[in-house]
Amino acid sequence: MTEYPILIVGAGPVGLALAGDLAWRGISSCVVERSDGTIEQPRMDMVGIRSMEHARRWGIVHDVENSPYPRDYPQDNVYVTSLTGWELGRERFPSMGDDRPPPASPQKRERCPQDMFDPILRRWVERQGLTELRFRTELAGFRDAGDHVVAEVSDHAGGRTGEIHARYLVGCDGAASRVREQLGIPMQGKTVLTNTTNVIFRDPDLVERHDKGRAYRFIVIDTEGTWATIVAINGRDRWRMSVVQAPPDGLTRTEVETAIRRAVGRDFPFDVLSITNWKRRELIADRYGKGRVFIAGDAAHVMSPTGGFGMNTGIGDAVDLSWKLEALLGGWGGSALPESYTVERKPIAERNVREASANLNRMLSPGENPSLCDDTPEGAATRARVGAEFAEAMRHEWYTLGIHLGYRYDESPIVVPDGTPAPPVEHARYVPRARPGSRAPHVVLADGRSTLDLFGRGFTLLALGAQGGDVPAAFERAARGRGVPLRVVTLDEPQVREIYGAPFVLVRPDGHVAWRGGSATDAAAIVDRVRGVLRVGSPATAS
Ligand SMILES: Cc1cc2nc3c(=O)[nH]c(=O)nc-3n(C[C@H](O)[C@H](O)[C@H](O)COP(=O)(O)OP(=O)(O)OC[C@H]3O[C@@H](n4cnc5c(N)ncnc54)[C@H](O)[C@@H]3O)c2cc1C
């Protein structure tokens, strides 16, 4: 019987990101996935800016940038009565090749649909050689045996059932998570926001069939309001149409074909490749684990895709959990670490789920406008009004740097607050701050690197000023004595010092600030707090 340090259930993007991050930390795992790994209908296609920063640490930015998605494909969102009808408005976005990172990051978000992104993650996992990927293997159940977990799996390839032993188990098994169900963790929220039908169809000539040009997404609004979107899923010949408010049982194939012609505004030949009827939901698990078993990704939170937050939130879960598992396996992590995972990540899901639902409401905001498609002065006035209102509303969804970079772990038991007031939570704007709990900000260093490139697999103590010369040594001593990986990086760069706001800043293995201050009266207590040994109320406070 092989015992793995970690068993991951589900090889979706979150399970693969977790397996890859663990391997990047030198930890082996086993991933069981019930499918054969084929992606029949790609869902996600936007890899957010923070996920791309993780990809940078993992060394796979080049793979994402070189995916088959065409780098010259414009990313406009266009609002139309149909593709051959009236254009109501447009938010222009450059192609991936022309786009540039914002000042806040060395990376930018990327367009890379799931049937390109998952294989990139999978190849990266395989390259590292520390993960056993078992496809066509389904988790049937598990039991927490106290010092390890025993999972029952059935192997669809060989028709056998068997057991896998692991020190920890992580359910990355999607919205209908069996792991969450067996843990008895309820979800709160709304079980149905809308019934939606997604269809992937192929037409290599669609761009030539209308006058709106190449664009990433068309939102189709007619006299009854918003009813469909068409997305350029691979920037070439495949398109995903979503009928946003379908009947509860979904649409038949004939209805789907009619809907495609209605959205395009003309008859034309196309191939329907797949149809999925699904429900948008707004759900969050009460907690993200119990004992030796955790959940991550859609298993922990389910949201409307409006905004493209689902997978990106899940990758954030994986990165938060991965170093904590390493710490627990390595014996240097304390009992507050498992609980800190829920405390840190659940509020982020709550915010993102709320934003996603609000985006859905914004997308559905145009009500009935009987004259919208009339070729009359009244029709033109209606189109101008609806287009302007819609464009304004939708900007909230298109500009979300605050969501992707500004998330913070304010209530975390393993972060040492510095007494500064919490800045407002903003969805569009991101202001770089190194307040404990925040993502350690990106600053360009004199040698051209990013501060983000300084943060490695362990803790990093940034020493940014001349004073307090004994602080680094005190942290190094405390960390060494406890087996905590810690590296001191001394920088004489005024801009870093100014943005980071203190002479010493302790950055965690996931790139979040754990502590900052001018001196450390008790480095040992701070190290114990951030590794989850000392509980809140302990003497580890900022000085
Ligand atoms: C139309 C659409 C567009 C979207 N666009 C975006 C976007 O642009 N950006 C974004 O961030 N998110 C987006 N999302 C959301 C995103 O697709 C999901 O959040 C993401 O796929 C979740 O990843 P996951 O790995 O947690 O779960 P999943 O992708 O659902 O993977 C779970 C895996 O677990 C396996 N599994 C389940 N049960 C078992 C079991 N018992 N044993 C073994 N294996 C099991 C499943 O086969 C599956 O492969 C979109 C969603 C939709 C519907």
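Residues numbered from 1 in each chain as written. Predicted model: local features only at pLDDT ≥ 70, side-chain atom pairs only at ≥ 80, totals over all residues. Heavy atoms only, no water.

> Got a sec to walk through the site of the ligand? Specific residues and values, please.
Taken together, 29 residues sit near the ligand, with E33, R43, L139, D298 and M311 positioned nearest. A distance of 2.6 Å is found between an oxygen atom of the ligand and a side-chain nitrogen or oxygen belonging to E33. At a separation of 3.1 Å, a nitrogen atom of the ligand approaches a polar backbone atom of R34. Looking at the shell around the ligand, the elements with two or more residues in it are α1 (13-24), β2 (29-33), β8 (137-144) and α7 (310-330). The residue makeup of the shell around the ligand, split by class, is 12 nonpolar, 9 polar and 8 charged. (Near = heavy atom within 4 Å. Polar contact = N/O pair within 3.5 Å; in protein donor to acceptor, adjacent residues only side chain to side chain. Helix = DSSP H or I, 4+ residues; strand = E, 2+ residues; numbered from the N terminus. Nonpolar A, V, L, I, M, F, W, Y, C, P; charged D, E, K, R; others polar.)

> Would you mind going over the sheet that holds strand β22 (residues 513-517) in detail, with residue names and values included?
Spatially, β20-β19-β21-β22 is the arrangement adopted by the 4 strands of the open sheet, whose pairing is mixed. The sheet is open, and its two borders are formed by β20 (486-490) and β22, each paired with just one other strand. Neighbour-to-neighbour, the strand axes of the sheet open up by a mean angle of 15 degrees, direction not taken into account. Of the strand pairs in this sheet, strand β19 (residues 459-463) and strand β21 (residues 504-507) are connected by 4 bridges, and their pairing is antiparallel. Paired with A463 across the two strands is F504, which belongs to β21. (Pairing = 2+ DSSP bridges. Axes fitted to C-alpha atoms, helices over the stretch in contact; angles between N-to-C directions.)

> Could you give me a rundown of the environment of V293, with the residues and numbers involved?
Turning to its location among the elements, V293 is positioned in strand β17 (residues 293-295). With a relative accessible area of 1%, V293 lands in the buried category. For the pair V293 and G406, spaced 113 residues apart in the sequence, the C-alpha separation amounts to 28 Å. Not counting the four nearest positions on each side in its chain, V293 is found in contact with F142, V149, L169, V179, L183 and Y288. (Buried < 20%, exposed > 50% of the residue type's maximum accessible area, 1.4 Å probe, protein only. Contact = heavy atoms within 4.5 Å.)

> Which residues make up the side chain of S322, and what values do they have?
One can find S322 in helix α7. Assessed through its relative accessible area of 0%, S322 is described here as buried. There is a polar contact of 3.5 Å between the side chain of S322 and the side chain of R25.

> Could you give me a rundown of the domain arrangement of the protein chain, with the residues and numbers involved?
Domain annotation for the protein chain reports domain 1 (2-69 + 110-188 + 284-358) and domain 2 (409-530). Each of domain 1 and domain 2 was reduced to a C-alpha centroid, and the two centroids are 27 Å apart. In total, domain 1 and domain 2 occlude about 1,900 Å² of area from one another, counting both sides; carbon and sulfur atoms represent 57% of this. For domain 1, the biggest contributors to the area lost against domain 2 are W323, W332 and E344; these three give 30% of the whole. One can count 4 salt bridges joining domain 1 with domain 2. Between R439 and E53 there is a salt bridge, with its nearest N and O atoms 2.7 Å apart. At the boundary of domain 1 with domain 2, the tally comes to 13 residue pairs in polar contact (both at pLDDT 80 or more). (Domains from an automatic or database assignment. Buried area = accessible area lost by both parts, 1.4 Å probe. Salt bridge = Lys/Arg side-chain N within 4 Å of Asp/Glu carboxyl O.)

> Account for the packing of aromatic side chains, with residues named and values stated.
Per the counting criterion, the structure on display carries 14 aromatic pairs. Ring centres of Y168 and F294 lie 6.4 Å apart, and the angle between their planes is 40 degrees; this geometry places the pair in the tilted category. With a gap of 126 residues between them, Y168 in strand β10 (residues 160-171) and F294 in strand β17 connect regions that are remote in the sequence. There is no split in this pair, since Y168 and F294 are both buried. Relative to F270, the ring of F201 has its centre 5.8 Å away and its plane inclined at 65 degrees; by these criteria the two rings are edge-to-face. Here F201 is found in strand β11 (residues 187-202), whereas its partner F270 is found in the loop between α6 (253-264) and β15 (271-285), with 69 residues between them in sequence. Take F201: its relative accessible area is 0%, and that puts it in the buried class. (Phe/Tyr/Trp six-rings, centres within 6.5 Å; stacked < 30°, edge-to-face > 60°.)

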